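The primary structure of each chain is shown beneath.
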Amino acid sequence: MLKDITLGQYFPGNTVVHRLDPRTKLLLTVVYIAALFLAEQLVSYGILLAALAGCIALAKLKPKTILKGLKPVLVILILTAVLNLFYTPGETVLARVWIFTITLEGVWTAFFMVLRIMMLITGTFLLTYTTSPILLTDGLESLLNPLKKLHVPVHELAMMMSIALRFIPTLIEETDKIMSAQRARGADFDSGNLIQKAKALLPLLVPLFISAFRRADELAVAMECRCYHGGEGRTRMRQLKYERRDALALIFGLVIAAVVGVLGWMGL
């Protein structure tokens, strides 16, 4: 299961999506999330799903990679579906199970909620899959630059978010190594019920926290040795520059969001 977590990973490429400015991709992600919450019915979700599928195809990402990233949230999807299925009131009753009532409205609500979560996760994964952590940091810092007038440490915030995102795959790999080492010593992480499995994972926390703090200390020392002092006077190897494709991508995203917003207002 740990190997299925792909959040924070970057898949290098030279596609149109990879070449987009990171600021454009960040803005498009925000617009996409807003449009996703404005969607109401099948027509709206169908348009967003078609746009998302088109972006995945342009990025040349395999469907297997996307589905692999969704596996860790399978429990959340099932729980969301069950809660919405049994606790959504409606007029058209389909079945009664003990004290629970399944309605047609509950079925549709559960379906749309699960679909929304899947599309939300896939859209945000698409951002990290096609943008390197360095470019993501530069793009986020550039977008938050106006906050510097309010004395907000924009560069430090962007750097912390980027480092946290970058170290997710590293910590997952470290956790997998620790589990393999403890299995070799007789530890059992697979048998028993859910509570027993959770208790079996407790011995992982101490070595994992020690490893995380050690890596953080090594990173801090490395940054100090390279005379890193924040964003003031810092130069970049690659200067961010908007191009024609970025404008076209933003216009396309805003048009899709506007169409979805109108359809949502109409209840479609």
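This text goes with the structure placed above it.
Residues numbered from 1 in each chain as written. Predicted model: local features only at pLDDT ≥ 70, side-chain atom pairs only at ≥ 80, totals over all residues. Heavy atoms only, no water.

Engineer: Provide a residue-level description of the side chain of T88, including the pertinent values.
Structural biologist: For T88, the position within the fold is in the loop between α5 (74-87) and β1 (93-97). There is a polar contact of 2.5 Å between the side chain of T88 and the backbone oxygen of N84. Discounting chain neighbours no more than four positions away, the residues touching T88 are L83, T103, E105, G106 and T109. (Helix = DSSP H or I, 4+ residues; strand = E, 2+ residues; numbered from the N terminus. Polar contact = N/O pair within 3.5 Å; in protein donor to acceptor, adjacent residues only side chain to side chain. Contact = heavy atoms within 4.5 Å.)

Engineer: Help me get a handle on the environment of G139, residues and values and all.
Structural biologist: Considering the arrangement of structural elements, one finds G139 in helix α7 (residues 133-143). When its relative accessible area of 0% is taken as the criterion, G139 is described as buried. A C-alpha to C-alpha distance of 23 Å links G139 and G54, two positions 85 residues apart in sequence. Not counting residues up to four positions away in its chain, the partners in contact with G139 are P22, R23, L26 and L240. (Buried < 20%, exposed > 50% of the residue type's maximum accessible area, 1.4 Å probe, protein only.)

Engineer: Give a description of the packing of helix α2 (residues 22-38) against α7 that names residues and reports values.
Structural biologist: It is at 8 Å that the axes of α2 and α7 come closest, and there the two elements cross at 70 degrees. Classed by the angle they form, the pair α2 and α7 counts as roughly perpendicular. When α2 is examined against α7, the residues P22, R23, L26 and L27 are found in contact with a partner set consisting of L135, L136, G139, L140, S142 and L143. In terms of residue class, the contact of α2 with α7 is made up of 7 nonpolar, 2 polar and 1 charged. (Axes fitted to C-alpha atoms, helices over the stretch in contact; angles between N-to-C directions. Parallel < 35°, antiparallel > 145°, perpendicular 65-115°, else oblique. Nonpolar A, V, L, I, M, F, W, Y, C, P; charged D, E, K, R; others polar.)

Engineer: Describe the pattern of salt bridges, naming the residues involved and giving the relevant values.
Structural biologist: Per the counting criterion, the structure on display carries 3 salt bridges. Between D21 and R23 there is a salt bridge, with its nearest N and O atoms 2.9 Å apart. Per residue, the accessibility class of D21 equals that of R23, and both read buried. As a salt-bridge pair, R245 and E243 come within 3.1 Å of each other at their nearest N and O atoms. Accessibility expressed as a relative area gives 29% for R245, which makes it partly exposed. Given a relative accessible area of 40%, E243 falls into the partly exposed group. (Salt bridge = Lys/Arg side-chain N within 4 Å of Asp/Glu carboxyl O.)

Engineer: Give a detailed account of the nonpolar core, specifying residues and quantitative values.
Structural biologist: Membership of the largest hydrophobic core comes to 28 residues, with the highest contact counts inside it found for Y45, L48, L61 and M119. At the level of elements, α2, α3 (42-58), α4 (63-70), α6 (104-130) and α10 (244-265) are the ones that each hand at least two residues to this core. Examining the composition of this core, we find that 9 residues originate from one element, α6, more than from any other. Setting aside its immediate chain neighbours within four residues, Y45 contacts L36, A39, E40, F112, L115, R116 and M119. Residues L26, L127, L136 and A158 belong to the second largest nonpolar core, which totals 5 residues. (Core = buried A, V, L, I, M, F, W, Y, C linked by side-chain atoms within 4.5 Å.)

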